[in-house]
Amino acid sequence: MDNIKSYVQQHKDRFINELIELLKIPSVSADTAYCQDVIDTAAAVKISLEKAGCDTVEICETAGYPIVYGEKIIDPSLPTVLVYGHYDVQPPDPIELWTSPPFEPIIKKTEIHPDGAIFARGACDDKGQMYMHVKAFEYMIQSNTLPCNVKFMIEGEEEVGSVNLKIFVENNVEKLKNDVILISDTGMISNQQPSITTGLRGLSYVEVEVTGPNRDLHSGLYGGAVANPINILAKMIASLHDENNQITIPGFYDNVEELSLEERAEMAKAPFNLNNYKKALDLNDVYGESGYVTNERNSIRPTLDVNGIWGGYTGEGAKTVIASKAFAKISMRLVPNQEWEHITELFTNHFTSIAPAGVTVKVKPHHGGQGYVTPIDSIGYKAANMAYTETFGVPAIPVRSGGSIPIVALFEKELKSKTILMGFGLDSDAIHSPNEHFGIFNYLKGIETIPLFYKYFVELSK
Ligand code: BES
Ligand code: MN
Ligand code: MN
C-alpha cells in the first residue's frame, strides 16, 4: 500500500463493486415515487463516509432531501478542502431506449472505453464521480497521507435545483468554512487529454402555459374562429430567436460578457473535431448563433431552449380537437454577469407581451442560478493541474463548460472560496440520456488523481 497507484490496483474490484451497489438505488430526486430510495441513498453515502474514515458524519435534514455532511479534522491550523457532490440522479426516461436496465449496473466495453464502463443512471453524474472522492479519502486515511482537513457535503437535490442546499449553506457558513471547494461533477476533453472546467453557465428555467377556449373544442366546428393555443405557443416560441439565432428578448444580452479575440483564440486551441462531433450525434450539420463556433456557442454564449412541449391529443390515431391549453418548459443558459432572476423577469415580461388577443399566458419560474468563472492562476487550479499532469502525463487544458451547477456561485458568495472543478466524465458518457455510463479508466484515474490534488494544494498553501 505504498502509493495510490498500487492501492487502486489492489482494491479496484471492491471500488467498482461498492459503486455498483450505490448505483442500484434509484435516487431520482425529481420523481416522488422514488422518495424512499433517495433517502436510502443518503444513508448509504453516510455509511461509506464513516467506513472511509470520517470522524463524524451527519444526515442533515432539510425541507427536501437530506444533505450528508462528514468531516475529518486533523489539525485546525492546516488548510481545509470542502468536497461537494450529489447522490441524486436524473429520471431514467425514456426507459425503453436503455440497452440494460438503468438501475441494474453492468460493465460493458465501448469504443471509447476499451477497459469497460459502468452503465447505470448516475454512473457519471454524479454518483461515480462523487464516490471517487470517498475512495481517494479512504486511501489517504489508510496510508496516513491525508495532508489537511476534509469536509464532505453530498446533497440529494442537485438535479432539481439545490433549493434546500442554498438555505443549508446560508445557515452553516462557519461549519462549512474551507480554503477550497473541490467538485467532480463535470467532464474532461478525452482520456488522453485532461481538462479543468473553468466556467459554468447560469440557468433560468421557466414553464409557460397558453390558454385559449375554456374547454377542448371540436376542431371543425370551431377551427379557424378561435385561437389554437398550440399554434400560438409554437409561433411565440419561434419568435424568441431571430434569423441569426440570437435571442429576441429585449435586454437579454445587456450584461453578456464579450470575450476578447485573444481569449477566443485561446479557447480555439483546445482539441476539437467538428466532423467527429457531428458523427457522434448523427447530425448532418451543427446549428447555432451566427458569428460563433460550436465550442463558443455551447459555453460562452447564452441560449434559450424548449425542453418539453405538450398539449392536445398525442395518443394513437387522430382526434380532431383544439386544445384548451398548451404548455412548454424553457431553459435559458446564462453566462457570467447575466443575473438569473433579472433574466427570468425579462422573459416573463416579454413572453406575456407577445401573446396575441384570444389567449392568456402564464409564466411560472422554476429554479435558476448564476454562472461561474474561475481564474487559472489560483493555488487550487495549479494544484489540480499538477495532479492531472502527474497521472495523465500531460497538463490539463482550461475549458469553459456549458452545463450548470448553480450552487457553485452561491458557495463563492457565502463561503468566500473558489471552486475547483476536477471532472473525469466524457461528453460521450451520456449523462441525462439513456445508457449513461462512466469509464472504469476514468473512475480509477479519478481516485488516483484526487490525493495528488490534496498534496499539491497543501504544499502550495505553505
Ligand atoms: N453535473 C451536471 C452539470 C454539468 C455536467 C456541468 C457536465 C458541466 C459538465 C449537473 O448534475 C446538472 O445536470 N446540472 C443541471 C442544472 C440543475 C439546476 C438541474 C444542468 O446543467 O442542466
Ligand atoms: Mn451532476
Ligand atoms: Mn446532472
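Here the structure is shown first, and the text comes after it.
Residues numbered from 1 in each chain as written. Chains lettered and ligands numbered in written order. Predicted model: local features only at pLDDT ≥ 70, side-chain atom pairs only at ≥ 80, totals over all residues. Heavy atoms only, no water.

**Q** Just give me the short version of the overall build of the protein chain, but keep the residues and values in it.
**A** Assigned secondary structure in the protein chain consists of 12 helices and 18 strands. The principal-axis extents of the C-alpha atoms in the protein chain amount to approximately 80 × 50 × 45 Å. For the protein chain, with 462 residues in total, the buried portion stands at 52%. Contacts spanning at least 24 positions in sequence make up 78% of the contacts within the protein chain whose residues lie at least 6 apart. With the model as given, the accessible surface of the protein chain reaches about 20,700 Å², and the carbon-plus-sulfur share is 52%. Here the protein chain contributes 39 positive and 59 negative side-chain charges, whose respective centroids are spaced 1 Å apart. (Helix = DSSP H or I, 4+ residues; strand = E, 2+ residues; numbered from the N terminus. Buried < 20%, exposed > 50% of the residue type's maximum accessible area, 1.4 Å probe, protein only. Contact = heavy atoms within 4.5 Å. Areas by Shrake-Rupley, 256 points an atom, 1.4 Å probe, with all protein chains shown as cover. Lys, Arg positive; Asp, Glu negative; His and termini not counted. Charge placed at Lys NZ, Arg CZ, Asp CG, Glu CD.)

**Q** Kindly report on the coordination of the manganese ion (ligand 2), identifying the contributing residues and their values.
**A** Coordination of the manganese ion (ligand 2) by the protein comes from His-86 (NE2), Asp-125 (OD), Asp-185 (OD) and Asp-185 (OD), over a distance range of 2.0 to 2.4 Å. The coordination sphere of the manganese ion (ligand 2) comprises 6 donor atoms, whose angles at the metal cover 56 to 166 degrees; the geometry is irregular. Of note, the manganese ion (ligand 2) draws all its donor residues from one chain, in the sequence arrangement H-x38-D-x59-D. Between the two metal centres, the manganese ion (ligand 2) and the manganese ion (ligand 3), the spacing is 3.6 Å, with Asp-125 acting as a shared donor. Of this pair, His-86 sits in strand β3 (residues 80–86) while Asp-125 sits in the loop between β5 (117–119) and α3 (127–142); the two residues are 39 residues apart in sequence, bridging distant segments of the chain. Classification of His-86 as buried rests on a relative accessible area of 0%. Of the residues examined, Asp-125 reaches a relative accessible area of 7% and is grouped as buried. (Donors = N, O, S within 2.8 Å, 3.2 Å for Na, K, Ca; no water. Tetrahedral: all angles 85-135°; square planar, octahedral: opposite > 155°, others 65-115°.)

**Q** Mind laying out the side chain of Asn-442, listing which residues take part and the relevant values?
**A** Tracing the backbone through its elements, the reader meets Asn-442 in helix α12 (residues 440–461). Asn-442 sits in the buried class, given a relative accessible area of 0%. If sequence neighbours within four positions are ignored, Asn-442 has contacts with His-113, Met-132, Met-188, Asn-191, Phe-424 and Leu-426.

**Q** Quick rundown of the site of ligand 1? Include the residues and the values.
**A** Close contacts around ligand 1 come from 17 residues, with Glu-158, Asp-185, Arg-333, Ser-404 and His-432 the closest. Contact between ligand 1 and Glu-158: an oxygen atom at 2.7 Å from a side-chain N or O atom of the residue. One of the side-chain nitrogen or oxygen atoms of Arg-333 is found 2.6 Å away from an oxygen atom of ligand 1. Across the complex, the protein chains shield 87% of the 520 Å² of accessible surface that ligand 1 would expose by itself. The residue inventory of the shell around ligand 1, partitioned by class, reads 5 nonpolar, 7 polar and 5 charged. Two domains each donate at least three residues to the shell around ligand 1, and these are domain 1 (2–200 + 371–461) and domain 2 (202–256 + 302–369). (Near = heavy atom within 4 Å. Polar contact = N/O pair within 3.5 Å; in protein donor to acceptor, adjacent residues only side chain to side chain. Nonpolar A, V, L, I, M, F, W, Y, C, P; charged D, E, K, R; others polar. Domains from an automatic or database assignment.)

**Q** Before we move on, could you go through the coordination of the manganese ion (ligand 3) and cite the residues and values that matter?
**A** The protein atoms that coordinate the manganese ion (ligand 3) are Asp-125 (OD), Glu-159 (OE), Glu-159 (OE) and His-432 (NE2), at distances spanning 2.1 to 2.5 Å. Each donor residue of the manganese ion (ligand 3) belongs to the same chain, with the gaps between them written as D-x33-E-x272-H.

**Q** Got a sec to walk through the sheet that holds β5? Specific residues and values, please.
**A** Overall, antiparallel pairing links the 3 strands, which are arranged β4-β5-β18 in an open sheet. At either end of the open sheet lies a strand with only one pairing partner, and these are β4 (106–108) and β18 (437–439). Going from strand to strand, the sheet's axes swing by 30 degrees on average, the running direction of each strand aside. Bridge count for β5 against β18 is 3 bridges, and the pairing is antiparallel. Its bridge partner being in β18, Phe-119 is matched across the sheet by His-437. Across the sheet, helix α1 (residues 4–23) lies against β4 and β5, angled at about 20 degrees from β5, the strand it touches most. Of the strands in this sheet, β4, β5 and β18 touch α12, which is tilted by about 60 degrees from β18. (Pairing = 2+ DSSP bridges. Axes fitted to C-alpha atoms, helices over the stretch in contact; angles between N-to-C directions.)

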